[in-house]
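Chain by chain, the residues:
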Amino acid sequence: MSRAFVKEDDAGEAPIIPPRAALPAGVPNYVRPEGLEKLRAELEELEAERSQAEANRENEADRTRQLTILNGKLSALNSRIASARVIDPLEQSPDEVRFGATVKLRTISGGKPGTIRKFTIVGVDEADVMQGLIAFVAPIAQAITGAKVGQKLKLKLGRVEEEVEVMEIRYS
């Protein structure tokens, strides 16, 4: 009989544990104080989920799979928290773009002249482009780090090179 129609138990397959946001090797894991608090809140949520999964005795294969995934996530998160270097944005030099800065850029040429971009440079686990939170390892963040208000910079965004001006630097 063909094996194609035989139901096999897939419990032996290793579950896929989703990776955390990428942090290049050798790069410090900078986070803002609120970023560290979010990581700790995530840790509490995962621990609560694990407790619930441990209590579930209905389907042992699903329980084992779920616990494997949760333990993998907890291990990665604990490692990330342990390596965190908290940087308080209020202690940064207000004159130039550094970690924790909220920056406003105006496009001068290339792209769409006059376009205003505003974003905050944060840790890799805090990054959320839709909320204007850009990881400090992102190319745009690295390109403007050290810039001062009024400074003009060339940014290579995809195939387009833009000249932008730093309009505002704020720390909060």
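In this text the structure is predicted, and so the values were computed from the model without any measurement.

A.B. asks: What's the story with the pattern of salt bridges in this structure? I'm lost.
C.D. replies: In a structure, side chains of opposite charge can pair up when their charged atoms sit close to one another. On inspection of all chains with the given rule, the structure shows 13 salt bridges. When the shortest N-O distance is used, the salt bridge between arginine 20 and glutamate 42 registers 3.0 Å. Residue arginine 20 is found in the segment before strand 1 (29-31), and its partner glutamate 42 is found in helix 1 (residues 33-55); the two are separated by 22 residues along the sequence. The exposure class of arginine 20 is partly exposed, given its relative accessible area of 21%. We note a salt bridge from arginine 98 to glutamate 96, for which the minimum N-O separation is 2.1 Å. Look at glutamate 96 and you get buried, because its relative accessible area is 14%. Within the structure, one salt-bridge network assembled from shared partners comprises Arg20, Glu42, Arg80 and Asp125.

A.B. asks: Any chance you could explain the side chain of glutamate 165 here in plain terms?
C.D. replies: You can see glutamate 165 is positioned in strand 7 (residues 160-170). Looking at glutamate 165, its side chain comes within polar contact range of the side chain of arginine 106, at 2.6 Å. Apart from the residues within four sequence positions on either side, glutamate 165 is in contact with Lys104, Leu105, Arg106, Ile108, Gly150, Gln151 and Lys152.

A.B. asks: Would you take a moment to explain the domain arrangement of the chain for this structure?
C.D. replies: For interface size, the figure often reported is the accessible area lost on association. Taken domain by domain, the chain consists of domain 1 (30-86) and domain 2 (89-171). The centre of domain 1, based on its C-alpha atoms, is set 32 Å off from the matching centre of domain 2. Contact with domain 1, which involves eight residues of that partner, is made by 11 residues of domain 2. When domain 1 packs against domain 2, the two sides together hide about 760 Å² of surface, and 63% of this comes from carbon and sulfur. When the buried area of domain 1 at its contact with domain 2 is split by residue, Tyr30, Arg32 and Arg80 rank highest and sum to 69% of it. Viewed at the interface, domain 2 and domain 1 are joined by two salt bridges. For glutamate 126, the salt bridge is made with arginine 32, and the minimal N-O distance between the two is 2.7 Å. At the level of elements, strand 1 and helix 1 are the ones that each hand at least two residues to the side of domain 1 that touches domain 2. Considering each element in turn, the side of domain 1 that touches domain 2 owes the most residues, four residues, to helix 1.

Conventions and cut-offs
- Residues numbered from 1 in each chain as written.
- Predicted model: local features only at pLDDT ≥ 70, side-chain atom pairs only at ≥ 80, totals over all residues.
- Heavy atoms only, no water.
- Salt bridge = Lys/Arg side-chain N within 4 Å of Asp/Glu carboxyl O.
- Helix = DSSP H or I, 4+ residues; strand = E, 2+ residues; numbered from the N terminus.
- Buried < 20%, exposed > 50% of the residue type's maximum accessible area, 1.4 Å probe, protein only.
- Polar contact = N/O pair within 3.5 Å; in protein donor to acceptor, adjacent residues only side chain to side chain.
- Contact = heavy atoms within 4.5 Å.
- Domains from an automatic or database assignment.
- Buried area = accessible area lost by both parts, 1.4 Å probe.

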